[in-house]
Amino acid sequence: MRLFRMFSAVEATAHCDLPCGVYDPAQARIEAESVKAIQEKYQGNEDPVYRTRAVLIKEQRAELVKHHLWVLWTDYFKPPHFEKYPQLHELFNKATKQAGAAGGKGSMDPAEGQKLLDYIAEIDKIFWETKAAA
């Protein structure tokens, strides 16, 4: 009987996989700021070696943006959030595509990096509204 109590399961529920405070769109924003900054530096430098390195690093940062967005999309946001903010799925879709081949990874134009930052700012606004309501 003692052994049973010692190893019995305890149910815990939360609106996210880890305690509040772990998720934050700032992680995606910081990486997206790097994407845009690299795009700007690329435009101002003609050295082919520098440009090659800039493209490589920018693509790595864009992949991190996608990762951080996907974590928010799949782990933090839950059905009640999507009901209250019906545009959220499309917003995440656009943001991750912007970070991918259609935008951040596929372009060296800082305007594309800014579009990515704009999408993340929209997600950030909704995120903090949901945190305030929790």
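About the thresholds
Think of each chain on its own: its residues are numbered from 1, step by step along the sequence as written. Confidence filtering applies because this is a predicted model: local features only for residues at pLDDT of at least 70, side-chain atom pairs given and counted only at 80 or more, and all residues used for totals across whole chains, interfaces and linings. With hydrogens and water set aside, each side-chain value is computed from the structure's full complement of heavy atoms. The helix count covers DSSP runs of H or I at least four residues long, the strand count covers runs of E at least two residues long, and both are numbered beginning at the N terminus. Should any heavy atoms of two residues lie within 4.5 Å, those residues are counted as being in contact. Here the accessible surface of atoms and residues is derived via Shrake-Rupley with a 1.4 Å probe, and residues count as covered only by protein chains that are part of the display. Whenever a helix is involved, its axis is fitted only over the stretch in contact; in every case the axis is a line through C-alpha atoms, and angles between N-to-C directions fall within 0 to 180 degrees. An angle below 35 degrees is read as roughly parallel, one above 145 as roughly antiparallel, one from 65 to 115 as roughly perpendicular, and any other as oblique. A clockwise turn of the near helix away from the far one marks a right-handed crossing, whereas an anticlockwise turn of less than a right angle marks a left-handed crossing. Under the scheme applied here, ten amino acids are nonpolar (Ala, Val, Leu, Ile, Met, Phe, Trp, Tyr, Cys and Pro), four are charged (Asp, Glu, Lys and Arg), and all others, including Gly, are polar. Residues belong to a common nonpolar core when they are buried Ala, Val, Leu, Ile, Met, Phe, Trp, Tyr or Cys residues joined through side-chain atoms within 4.5 Å. Accessibility here uses a 1.4 Å probe with only protein chains present; expressed as a share of the type maximum, an area under 20% marks a residue as buried, one over 50% as exposed, and anything in between as partly exposed.

An unreviewed UniProt entry annotates the protein chain as Nickel superoxide dismutase of Modestobacter roseus.

S.K.: Hey, could you run me through the overall build of the protein chain in this one?
M.R.: Along its length, the protein chain carries 6 helices and 0 strands. Mapped in sequence order, the helices and strands of the protein chain form the string α-α-α-α-α-α. Residue pairs at least 24 apart in sequence account for 72% of intrachain contacts in the protein chain once pairs closer than 6 positions are excluded. Taken as a whole, the protein chain presents about 8,300 Å² of accessible surface, with 57% of it coming from carbon and sulfur.

S.K.: I tried to follow the packing of helix H3 (residues 48-76) against helix H6 (residues 110-133) on my own but got confused; where do I start?
M.R.: Geometrically, a packed helix pair is captured by the angle between its two axes and the distance between the axes. With their axes 12 Å apart at the nearest point, H3 and H6 run at an angle of 30 degrees to one another. Taken together, H3 and H6 sit at an angle that is classed as roughly parallel. As for the relative orientation of H3 and H6, their crossing is left-handed in sense. Taking contact as the criterion, the partners of Val-65, Leu-69, Leu-72 and Tyr-76 in H3 are, on H6, Leu-116, Ile-120, Ile-123, Phe-127, Thr-130 and Lys-131. When the residues that make up the contact of H3 with H6 are grouped by side-chain class, the tally is 8 nonpolar, 1 polar and 1 charged.

S.K.: Explain the nonpolar core to me, please; I cannot follow it from the model alone.
M.R.: For soluble globular proteins, nonpolar side chains are generally found buried alongside one another. In terms of nonpolar packing, the biggest core is built from 22 residues, with Val-65, Leu-69, Phe-77, Leu-88 and Phe-92 touching the most fellow members. Among the elements of the structure, helix H2 (26-43), H3, helix H5 (88-99) and H6 are those that each provide at least two residues to this core. Excluding residues that lie within four positions of it along the chain, Phe-77 makes contacts with Leu-72, Phe-82, Leu-88, Phe-92, Ile-123, Ile-126, Phe-127 and Thr-130.

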